[in-house]
Every structure is written in C-alpha cells, then in structure tokens.
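# Fold and contact review
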Amino acid sequence: MFLKSIKKSVYDIADSILKIIYPDKCIVCHKIISKSFDFGICEECIKDFCVFSEESCKKNFINDNGFSMFLYNDPIKRVIHKFKYKDCGYYAKVMGIKMGEFLLKRNLFSCDLIIPVPIHWRREQKRGFNQAEIMAKEISKTLGIPMYSDFLIRIKNTKPQFGLNKEGRIKNVEGAFEVIKPKKFLGKDVLIIDDIYTTGSTINECLKVIKNCGARNLYYFTLASTIDISEN
C-alpha cells in the first residue's frame, strides 16, 4: 500500500512537471489552457460547437438507425481537417473518447461489434493512420465492445467524396468495400463508425455489404453531420 502511494506521488509529480514544460493547449485555437472543458477544448471554443441533443439523436435514430455527435460547422471542420490532413492523429483520439461518452449517455442501442469505415491501404500508408479506426478504438474502450478493423476493407482507392454530388458519391463508392470474415457478422448487431456523414453513401455501402453477410441489426455513428438532424 505504501509503495503504491509513493508510486502514485511520483507519477503525479512527473505529470505536473510535464504540464509545465508542455502545457495543455486547446486543440481548436491552440491557446494554452489551465483547465480544458472537454479533453483539450477550451471553454471559449466549446461554445461554438453544435452538439446534437438527445432528443434529436433519438429522432434520427428511429428514422435512420444512426446519428452524429456534432453539426459540421467551422470549429469541428477545423479539427477534422487537422487530423485528416495535418498528421494530427491525437485529435481523432480525443474526439473518439468524447464519442464513446456521448454514446454511453444516450444508450439508444446495443451492439456486438464496432467496425470503422476503412480507407484504402495506399491512403492509410500516406496518412499514417485511419482516423475512423482511431475513434472506433476509443469508443470500443468506453463501451466495452470489441472493435475490428480487419473484418471490412476498402478494395478500391476511390477519389475523395468532397465536391461530388449525391449521385456521384454513390457511384464513387459502389463496390469499394469487401468483407474479409463474413461469418463474424452472422446474426450480429454491428455499429459502423466514421468521421463525417454527408449523404450517407459511404456508410450505406458499408452497411450493404455487411448486411449481405447475415448481420442482424446495423447502426452508424459519426463525429459530425453536414445535415442538421435537429431540424428533421
């Protein structure tokens, strides 16, 4: 007991020293903060985030079997841009932690497996990580539900969805995904994780190939949505 107490004190001292040398910074505005409101987001910046209410999430879940955490406005857009294009994978981890807590509080469904939307291996090699997988890992830890990143793969190196209309997006991801272990989905409730929901074409294509493997119930959850589900 005494040794544990000493060990904890050493860790606390080390943590305090590290915070002096490397002070916490808001992941949005980068200002040094003494107290973060939500895992690295300062109190001023969090005011600009549009978090969907529990009522909006329930309504969208009933209509579409899924929902998002934030409206895709400028603050969350900057965060997503940083972890997708500026090699800031840590931001995806921070958001994944919050997504897990968000799901835990709402408790709208249960699932057996968590599957991140895969990116093509060439893109992952270039970026160094798959942001959906990082977020899914943190959600998995919070919910205590296993996450598998090798059950579903992207077999087509599709061009970015940005700038395409709805029809173009659907066509772009058609046949882009393949299930590697189909028996793992048989009779299971599956949750798909991604960063942004725009038209739903990417998520729907993932859900389609998993459904063909005999999955029971399929759900999705994204960090942000370009559609204001509070107005639905």
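Coordinates for the structure precede this section.
Residues numbered from 1 in each chain as written. Predicted model: local features only at pLDDT ≥ 70, side-chain atom pairs only at ≥ 80, totals over all residues. Heavy atoms only, no water.

### Description of the pairing of strand S6 (residues 217-225)
In plain terms, the rule: Categorising residues by exposure relies on relative accessible area from a 1.4 Å probe, with only protein chains included: less than 20% of the type maximum marks a residue as buried, more than 50% marks it as exposed, and the intermediate range marks it as partly exposed. Each helix corresponds to a stretch of at least 4 residues labelled H or I by DSSP, and each strand to a stretch of at least 2 residues labelled E; elements are numbered beginning at the N terminus. Two strands make a pair as long as DSSP finds a minimum of two bridges between them.
The buried fraction of S6 amounts to eight of the nine residues, a majority that puts the element mostly inside the structure. Two elements, strand S1 (residues 66-71) and S6, share five bridges in a ladder whose sense is parallel. The residue of S6 that forms the bridge with Leu71 is Ser225. In this structure, strand S5 (residues 189-197) lies alongside S6, joined through eight bridges in parallel fashion.

### Quick word on the environment of Gln131
Stated formally: The contact criterion used is simple: two residues touch if any of their non-hydrogen atoms lie within 4.5 Å. We call two N or O atoms a polar contact when they sit within 3.5 Å, provided that within protein one can donate a hydrogen and the other can accept it, with sequence-adjacent residues counted only if both atoms are side-chain atoms.
The residue Gln131 is located in helix H7 (residues 131-143) in this model. If near-sequence neighbours (up to four positions away) are discounted, Gln131 is found in contact with Phe83, Lys84, Ala92 and Asp195. A polar atom in the side chain of Gln131 sits 2.5 Å from the side chain of Arg127.

### Topic: the nonpolar core
Quick note on the threshold: We call a set of buried Ala, Val, Leu, Ile, Met, Phe, Trp, Tyr and Cys residues a nonpolar core when their side-chain atoms join them within 4.5 Å.
Met95 and Phe221 are the most contacted members of the largest nonpolar core, which has 44 residues in total. Counting residues per element, the ones that place at least two in this core are helix H2 (43-46), helix H3 (54-64), S1, helix H4 (74-85), helix H5 (89-106), H7, S5 and S6. Broken down by element, the residue count for this core peaks at seven residues, all from H5. The residues touching Phe221, leaving out its near neighbours within four places in the chain, are Phe67, Ser68, Met69, Met99, Phe102, Leu103, Ile139, Leu191, Ile192, Ile193 and Asp194. Among the nonpolar cores identified, the runner-up in size contains 22 residues, and Ile192, Ile210, Ala215 and Leu218 belong to it.

### A closer look at the side chain of Glu138
Along the chain, Glu138 turns up in helix H7. Using a relative accessible area of 8% as the deciding quantity, one classes Glu138 as buried. Residues contacting Glu138, with those up to four places away along its chain left out, are Lys93, Gly96 and Ile97.

### Here's the deal with unusual backbone geometry
In this structure, Asn65 takes a positive phi of about 60° despite not being glycine. Note that Asn65 resides in the loop between H3 and S1. According to the relative accessible area criterion, Asn65 is partly exposed, its value standing at 33%. One non-glycine residue with positive phi stands out, namely Asn107, at about 45°.

### Considerations on the packing of helix H8 (residues 166-173) against helix H9 (residues 201-211)
Our working rule: Working convention: axes come from line fits to C-alpha atoms, limited for helices to the stretch in contact. Angles between N-to-C directions cover 0 to 180 degrees. For any helix crossing, the convention is left-handed if the near helix is rotated counterclockwise from the far helix by under a right angle, and right-handed if that rotation is clockwise. In this count, Pro and Cys sit with the nonpolar residues alongside Ala, Val, Leu, Ile, Met, Phe, Trp and Tyr, while Asp, Glu, Lys and Arg are called charged and the others, Gly among them, polar.
One can describe the packing of H8 onto H9 by two numbers: an axis separation of 9 Å at closest approach and a directional angle of 35°. Handedness of the H8/H9 crossing: right-handed. Between H8, through Arg169, Ile170 and Val173, and H9, the contact on the second element is made entirely by Ser201, Thr202 and Glu205. In the contact of H8 with H9, the residues fall into two nonpolar, two polar and two charged.

### Observations concerning the packing of H5 against H7
How we decide: Note on terminology: angles under 35 degrees are roughly parallel, angles over 145 are roughly antiparallel, angles of 65 to 115 are roughly perpendicular, and the others are oblique.
One can describe the packing of H5 onto H7 by two numbers: an axis separation of 7 Å at closest approach and a directional angle of 40°. Here H7 runs oblique to H5, going by the angle between their axes. Here the hand of the crossing between H5 and H7 comes out right-handed. On H7, the residues that touch Gly89, Ala92, Lys93, Met95, Gly96, Ile97, Met99, Gly100, Glu101, Leu103 and Leu104 of H5 are Gln131, Ile134, Met135, Glu138, Ile139, Thr142 and Leu143. Looking at the contact of H5 with H7 residue by residue, the class counts come to ten nonpolar, five polar and three charged.

### Section: the packing of aromatic side chains
What counts here: Pairing of aromatic side chains here covers Phe, Tyr and the six-membered ring of Trp, requires ring centres within 6.5 Å, and sorts the geometry by plane angle: under 30 degrees stacked, over 60 edge-to-face, intermediate tilted.
A complete count under the given rule lists 13 aromatic pairs for this structure. On the numbers, 5.9 Å between centres and 85° between planes, the contact of Phe151 with Phe185 is edge-to-face. In this pair, Phe151 sits in the loop between H7 and strand S3 (152-154) while Phe185 sits in the loop between strand S4 (177-179) and S5, placing the two residues 34 residues apart along the sequence. The pair formed by Phe151 and Phe185 is uniform in burial state, with each residue classed as buried. Ring pairing ties together the aromatic residues Phe61, Phe67, Phe102, Phe109, Tyr219 and Phe221, which thus form one cluster.

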